[in-house]
Amino acid sequence: MFETIALTVFFEGPFWVCVLERSDGKTLSAAKVTFGAEPKDAEVWEFICANFRNLGFSQPVAYEEREHSRSNPKRMRRKIEKAVNSVGVGTKSQQALKAQYELNKQEHKSAAKHDREAAEKLKFELRRAKRKAKHKGR
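No experiment lies behind these values; they were computed from the predicted model shown. (Residues numbered from 1 in each chain as written. Predicted model: local features only at pLDDT ≥ 70, side-chain atom pairs only at ≥ 80, totals over all residues. Heavy atoms only, no water.)

### Considerations on a nonpolar patch on the surface
Taken together, Met76, Ile80 and Val84 make up a surface patch of nonpolar side chains, about 280 Å² in accessible area. By secondary structure assignment, the location of valine 84 is in helix α2 (residues 73–85). (Patch = residues over 30% accessible without salt bridge, like charges linked within 9 Å, V, L, I, M, F, W, Y side chains within 5 Å. Areas by Shrake-Rupley, 256 points an atom, 1.4 Å probe, with all protein chains shown as cover. Salt bridge = Lys/Arg side-chain N within 4 Å of Asp/Glu carboxyl O. Helix = DSSP H or I, 4+ residues; strand = E, 2+ residues; numbered from the N terminus.)

Here it is in structure tokens:
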């Protein structure tokens, strides 16, 4: 299944957003959840425990995890501080979410087209039946 799951909570506009990334070393998929007010750690944990299976994760995107090498502890500490203080989501996650958004958009578009064509066909059939009813008595 999946080896790692990363959780990022950040402020975006008027809302707090939580992005979950799951990867198995080869693929990465992401899900985005919008909270209203700033969530507490316990609230986020409860939400994830209760709704993890129902989250709409994106289609897996090809992803290669880099090898971790030993580096200078001071440099590592700076990187960690930068990662903690940075705002936003990793680019792979953004790509995965964007792909999922486009997929949902295409599905919605095709469903709307199907509904529109069905409504037009129904209107045509009603007009045809009305015309036929007018000429039935002759």
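### Focus: the sheet that holds strand β3 (residues 27–35)
One open sheet holds the four strands; their spatial order is β1-β2-β3-β4, and the pairing between them is antiparallel. In the strand order of this sheet, the two ends are held by β1 (4–12) and β4 (61–62), each with one partner. Relative to strand β2 (residues 15–23), β1 runs antiparallel, the two being bridged by nine bridges. Counted as the bridge partner of threonine 8 is valine 19 from β2. Relative to the sheet, helix α1 (residues 41–51) contacts β1, β2 and β3, its axis offset from that of β3 by approximately 120°. (Pairing = 2+ DSSP bridges. Contact = heavy atoms within 4.5 Å. Axes fitted to C-alpha atoms, helices over the stretch in contact; angles between N-to-C directions.)

### A few points about the nonpolar core
If you look at the biggest cluster of nonpolar residues, it comprises ten residues: Trp16, Cys18, Leu20, Ala31, Val33, Phe35, Val44, Ile48, Leu55 and Phe57. Contributing elements (two or more residues each) for this core: β2, β3 and α1. If we ignore the near neighbours within four places in the chain, the residues touching phenylalanine 57 are Leu20, Arg22, Ser29, Ala30, Ala31, Phe52 and Gln100. Counting residues in each nonpolar core, the second largest holds eight residues, with Phe10, Val17, Ala30 and Leu97 among its members. (Core = buried A, V, L, I, M, F, W, Y, C linked by side-chain atoms within 4.5 Å. Buried < 20%, exposed > 50% of the residue type's maximum accessible area, 1.4 Å probe, protein only.)

### A word on the packing of aromatic side chains
Taken as a whole and judged by the stated rule, the model has three aromatic pairs. Measuring from ring centre to ring centre gives 5.5 Å for phenylalanine 52 and phenylalanine 57, while their planes differ by 65°; the resulting arrangement is edge-to-face. Relative accessible area serves as the criterion here: at 25%, phenylalanine 52 is assigned to the partly exposed category. One Lys or Arg, arginine 22, reaches over the ring of phenylalanine 57 and ends 3.9 Å from the middle of that ring. (Phe/Tyr/Trp six-rings, centres within 6.5 Å; stacked < 30°, edge-to-face > 60°. Lys NZ or Arg CZ within 6 Å of the ring centre and 35° of its normal.)

### Quick notes on the confidence of the model for the protein
Counting all residues, the mean pLDDT for the protein is 84, and 91% of those residues have values of 70 or more. Within the protein, the element-level pLDDT minimum falls on β4, averaging 80, and the maximum on helix α3 (residues 91–134), averaging 92. (pLDDT = per-residue confidence, 0-100.)

### Considering the environment of lysine 98
Tracing the backbone shows lysine 98 in helix α3. In the structure, lysine 98 is positioned 40 residues away from serine 58 in sequence and 8.5 Å away in space, judged by C-alpha atoms.

### Thoughts on the side chain of glutamate 21
Positionally, glutamate 21 belongs in strand β2. Of the polar contacts made by the side chain of glutamate 21, one reaches the side chain of serine 93; its length is 2.3 Å. (Polar contact = N/O pair within 3.5 Å; in protein donor to acceptor, adjacent residues only side chain to side chain.)

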